[in-house]
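Fold and contact review
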Amino acid sequence: MDSASIQAMIENGLLGAQAEVSGADGVHFEATVVASQFAGKLPLARHRLVYATLGDLMGGAIHALALKTLTPEEAAARQG
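Residues numbered from 1 in each chain as written. Predicted model: local features only at pLDDT ≥ 70, side-chain atom pairs only at ≥ 80, totals over all residues. Heavy atoms only, no water.

An unreviewed UniProt entry lists the protein under the name BolA family transcriptional regulator, from Rhodanobacter panaciterrae. Recorded under Sequence similarities (unreviewed entry), the UniProt text for the protein is reproduced unchanged: "Belongs to the BolA/IbaG family." (UniProt positions renumbered as here; feature names shortened; annotations may be inferred.)

1. Some points on the pairing of strand β3 (residues 64-70)
In this structure, strand β2 (residues 28-34) lies alongside β3, joined through seven bridges in parallel fashion. Note on β3: the bridge partner recorded for Val 34 is Leu 70. On the question of chirality, the crossover connecting β2 to the parallel β3 by way of helix α2 (residues 43-54) is right-handed. (Pairing = 2+ DSSP bridges. Helix = DSSP H or I, 4+ residues; strand = E, 2+ residues; numbered from the N terminus. Right-handed = clockwise from strand over helix to strand, strands pointing away.)

2. Topic: the pairing of strand β1 (residues 18-22)
Alternating residues of β1 divide into Ala 19 and Val 21, all buried, and Gln 18, Glu 20 and Ser 22, none buried. In this antiparallel pair of consecutive strands, β1 and β2, the connection spans five residues, and Gly 26 shows a positive phi of 85°. (Buried < 20%, exposed > 50% of the residue type's maximum accessible area, 1.4 Å probe, protein only.)

3. Some points on the layout of surface pockets
Of the pockets and cavities examined, the largest pocket occupies roughly 180 Å³. Every residue along the wall of the largest pocket is listed here: Gln 18, Glu 20, Thr 32, Val 34, Leu 70, Ala 75, Arg 78 and Gln 79. Counting residues per element, the ones that place at least two in the lining of the largest pocket are β1, β2 and α3 (72-79). In the lining of the largest pocket, the residues fall into three nonpolar, three polar and two charged. (1 Å grid on protein atoms, 1.4 Å probe; cavity = no way out; pocket = protein on both sides within 12 Å on 5 of 7 lines; lining within 4 Å. Points joined across faces, edges and corners; volume = space filled by probe spheres on them. Nonpolar A, V, L, I, M, F, W, Y, C, P; charged D, E, K, R; others polar.)

Okay, structure coming up:
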């Protein structure tokens, strides 16, 4: 598994989402995902939306995925 494949799966699964994925060892990854679908949702619900885009790869080919999930407004506020 590679970062580019995970990024594509997330962005295809959450229309309009922007994902940045990194991970050098092929099984442990970090992702920042910005999506309007996260509005009004708690972090656990946001993470479940992302995990749903990856399906059975979670816990298999993707051993661990550390997530930062933001709405576009939250991402803009971080950039100041």
